[in-house]
Amino acid sequence: MAAPIRVLTAVPICDGHDSAINTINLEFIRHGIEVVYLGYHRYATDMVRAAIQEDVKALGISSYNGGHVEFFSEVARLLRKQGADYIKLFGGGGGTITGNDDVIMRRNGVDKIFFAGTSLADMVDYVHKHYGGPHKPFRGSKPNADMQLARKLTEIEDAYANGKKKRPTPKGRKSKKSNHGQTRVFGFTGPGGAGKTTLIDELVLRLLHREPKARIAILSHDPSVVGAGALLGDRATMINSQNERVFMRSMATRGQAGGLSPATEDCLMLLAGSGFDYVIIETVGTGQEAMPFQTGLVHKTILVMNPDYGSRLQLQKIVMLDLADIVVVNKSDQERARTATSEIGRRLDQNKQSQILVSTVANRHRDAGVDELCDLLTEQNV
Amino acid sequence: MSKLGQVVEAVENYNEFVLKEVKRARTDEAFGQQMVDRWNDVKAKTPIGTAPTGLKLPRLALPEIDEAGEITRYLLGEGLPGEFPFTNGAYREMYLEPLRELEAGSYGKAGKNGKNGHARNGRNSPKIAAPKAVEVEEPTRLFSGLGLAEDTNARFHFLTGHQRSARLSTAFDGPTLYGIDSDAEGVFGKIGEGGLAIDTYEDMVRLYDGFDMGSAAFSASMTISGPAPIIMAMYITAAKKRFGPQVVPNLRGTIQADIFKEVQAQNETIFPTEASLRFLCDMIEWTTREMPRWYPVSISGYHIGEAGATPVQQAAYTVSNGFAYAEMLAARGIPVDQFAPRLSFFLDCGLDVEYIALARVSRRIWAIGMRDVFGAGPKGQMFKLHTQTSGRSLVAAEFKNNLTRTAAELMLAYMNGTNSCHSNSADEPFTTPSEEWIRLAAHGQAILLDESGIFKHTMNMLSGSPGMKAVERAVEAAMLEEFRQIEEFGGVLPAIEHRYQRSQIQNAAHRYEQQIYDGTRPIIALTKYNDLKDEMPEVKMVRTPRAKKQLQVDRLAKFKKRNAEKAKHALDKLADVVESGKNCFPTLIEVVEVCSLGQITGRLQDIVGHFRPMV
């Protein structure tokens, strides 16, 4: 099977009109396209950085409150300046974009504008027809480091998608020594809705602030829709991670259970050997029996829990509680958090593995619990 | 149970109560006779007006019923215009032209819902005075904003040339809506597009230049939510600079300031929800005390509808958001009769059949909830409504058809007794309206209200048809079901955190779009009768020239330079107040004298953080 087409979609700065793009995203996904969604109210620089890091075939912008000629042209200029105009730029804005605007925008490097009244089916067709096929090699001068890394990740993903590479069976899998120089690798997992994405983003904010030169890589996962594409939406929530010192890559699970993609392990190896100070990997929301990160590539595994996991009996079934180095009870301002913390605490004590329990409220600004987690992860020799 | 759950119960109880009273009117002869007497009294005292043709018409139309049970069902179940539960209107008279000759009638003066009527109803009967033959404000209120403050000011003067009263409605550009200064990185192209640019209170002075801001014939509406408290502070400061501090209690108008709908649909919020709500409540607490004629929040379904919600979702989320604000304000210790009369609402009006009764049902649910759950007096039970015709329903293909779409929507809005109304311009799919089309939009309302006789002679002219009643019953049941769904999450805020409303709206939007192309929703000239494959129409685009954008940036630079030293101290003071947890609105009013919008937003975000978008 050919690898799915990946596109990035976004809405420009100072524009919150996301109804059209949400509908288009859903339609793309239904037709086998993987959509990395950057969200609304986004800067041109953030779009270009994200498009390069995600190595998408095309970048789609939906603009509804004016200034589109300037904005699209700026995005095209930035892509060209980096030698990344192999990423095609398309978009629309209903009737706000006129025929005259379209002429100017295309002259400035925009590939395609969908005018008012274009059907969803026509957009899907266009993307399949024009943005499918193999990735084009970089043109001319040397591609920058982000571009090269992004392309290598694409090659790994595509090799698995094309069946050229298969995920080794558990038997054949060797336990790899974690030996990536100074790079620290953290694996975050936990059930859906526990707040992993927000927690990681808050952690990134602190790492960037505390270590003014640190570079961070994030490998985030979202589930593929059965028989279809995927909405990779973590970037939209991770506002602090849209930063020039962060390399982020969003991956679809492409049919694999357990919270990761078939290509994850190879991609993680690559990132871990690419000179970052920190590499953070996030699984999709996992079930009780999931046990990702078992091949020694990750220095610290963090299980993020929601206080609302149900009864104590449910707690006994969560395999990661035995395996995680750190267990975070997020949303600890909720009513049930006190009970949850003490139940989980007792469970960890029984394990006798000096696992650490941290309580956080990731969506609270300057939360002390997240500070504590950051301290734990950056301590020397942990 | 959150207050919303209690509202569901209150509406169910009230409906049962009405049924019981209907039965009682049929079995208890004395009670039945009282209701009939009241009914006859209202009819007898209804003044008679005269149409230009000489036709005599009662100024209030009532159903032709004479049986005690049906009379009771009408009086208690929907109420006369201006009476609980306000189904037929928050006020009486509304669109009627003044009586030409004074007549003695005064509907139901002695009625008071019947002496032995529903006891709790007693306090709802407004004091009824004979209608005054004065020119009232017309309900037309057109949204406008373009370029810089002086450009919008010119548009305001152009618009009010067609109206008796100055009812201005202000649209802001993207950077202002997001609390960003015009000199910020990457926003230059957005300055003055889709609305006007405001960076400092000085822009606000220019914006309303030539208008008497403290006059009883002037009111301003400002459509902004994320940074609303800062913009409100600038408005107050601009008014004080022009008319002195004594103008403040006289200021009339509204600011949208609705954080819930931003988080659910419109996405123009800049601080985390909790902090945004705190700043909002600070503002409401202050303005409801110091500016008794101001409406400090416009609880809006328009953007929920525009984002793709069904009409029922729109009304259900909006009204439930209203109850959530009431719950928050009451929890702050603000007396219900201080804040409830100052809450107002804003709904979308499109072409779906639900719009025949959407506002009627919303008024009824609001009134029952506010009276029976929150204990509000009559003024706090009234659902005061601004309506805008649907922008989403307008189509680029053969766009002149939009005049017809808007006209149909206007009919629906006025049939629903909206208190003010914006009619969209036909060129809206393309651009901020040009003068040509906004003039036609304003005329559309004038034709309906002034030229035609549909609304000016008789209240209830089109209310209560069997079809309308059928829609009402279906919509009320569906709205209550939505309330129950929200209640299952524990109320409005927890439902928001679970992205319940957002995902419902997104699903509805996707379905709507599919229905256009599968034929379920024919769109004329787009999917039906679309034989005219025309080119893009020639529409005059309203855009802000580069030189103007630069002028805004230069003005801001001068302001910042002039106030650099003072700004630092002012922001420090603001930070202290915000950290202390005290009401920060009075400080904001001082700070805007020396700080720009972006400076203030930036400092507040340092303290409370940024809004994290929900996908």
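Residues numbered from 1 in each chain as written. Chains lettered and ligands numbered in written order. Predicted model: local features only at pLDDT ≥ 70, side-chain atom pairs only at ≥ 80, totals over all residues. Heavy atoms only, no water.

## Here's the deal with the domain arrangement of chain A
Residue and element names in this part refer to chain A. Under the domain assignment used here, chain A contains domain 1 (6-131) and domain 2 (184-378). For domain 1 and domain 2, the distance between their C-alpha centres works out to 31 Å. Taking both sides of the interface into account, the surface hidden between domain 1 and domain 2 amounts to around 1600 Å²; carbon and sulfur atoms contribute 48%. A per-residue breakdown of the area domain 1 buries against domain 2 is headed by Ile29, Glu34 and Gln53, which together make up 35% of the total. Run the count over domain 1 and domain 2 and you get two salt bridges. A salt bridge links Glu34 to Arg254, with the shortest nitrogen-to-oxygen separation between them at 2.8 Å. Between the two partners, domain 1 and domain 2, sit 15 residue pairs in polar contact (both at pLDDT 80 or more). Listed by contribution, the elements that provide at least two residues to the side of domain 1 that touches domain 2 are helix 1 (19-30), strand 2 (34-42) and helix 2 (44-54). Here the side of domain 1 that touches domain 2 is built from residues that sort into seven nonpolar, four polar and eight charged. (Domains from an automatic or database assignment. Buried area = accessible area lost by both parts, 1.4 Å probe. Salt bridge = Lys/Arg side-chain N within 4 Å of Asp/Glu carboxyl O. Polar contact = N/O pair within 3.5 Å; in protein donor to acceptor, adjacent residues only side chain to side chain. Helix = DSSP H or I, 4+ residues; strand = E, 2+ residues; numbered from the N terminus. Nonpolar A, V, L, I, M, F, W, Y, C, P; charged D, E, K, R; others polar.)

## Digging into the packing of helix 4 (residues 149-160) of chain B against helix 16 (residues 435-451) of chain B
All names here are of chain B. Their axes nearest at 11 Å, the elements helix 4 and helix 16 cross at an angle of 40°. As summarised for this structure, helix 4 and helix 16 are arranged oblique, according to the angle between their axes. Of the two possible hands of crossing, helix 4 and helix 16 adopt the one that is right-handed. Only Glu435, Ile438 and Arg439 of helix 16 make contact with helix 4, whose side of the interface consists of Arg155, Phe158 and Leu159. (Axes fitted to C-alpha atoms, helices over the stretch in contact; angles between N-to-C directions. Parallel < 35°, antiparallel > 145°, perpendicular 65-115°, else oblique. Left-handed = near helix turned anticlockwise from the far one by under 90°. Contact = heavy atoms within 4.5 Å.)

## Notes on the sheet that holds strand 12 (residues 326-329) of chain A
Residue and element names in this part refer to chain A. The seven strands are arranged 9-7-10-6-11-12-13 in an open sheet whose pairing can be described as parallel. With partners counted over all chains shown, the strands left at the sheet margins are strand 9 (246-252) and strand 13 (356-359), one partner each. The mean angle between the axes of side-by-side strands here comes to 20°, regardless of whether they run parallel or antiparallel. When strand 12 meets strand 13, the two strands line up parallel, connected through four bridges. (Pairing = 2+ DSSP bridges.)

## Considering the sheet that holds strand 10 (residues 385-389) of chain B
All names here are of chain B. Pairing is parallel in the open sheet, where four strands are placed in the order 8-9-10-11. Two strands lie at the open edges of the sheet, namely strand 8 (297-300) and strand 11 (420-422), each paired on one side alone. Each adjacent strand pair in this sheet contributes to an overall mean axis angle of 25°, direction not counted. In terms of strand pairing, strand 8 meets strand 9 (residues 343-349) through four bridges, oriented parallel. Bridge pairing in strand 9 links Ile299 to Phe345. Each of strand 9, strand 10 and strand 11 is contacted by helix 15 (residues 402-415), which is oriented at about 165° to strand 10, the strand it contacts most.

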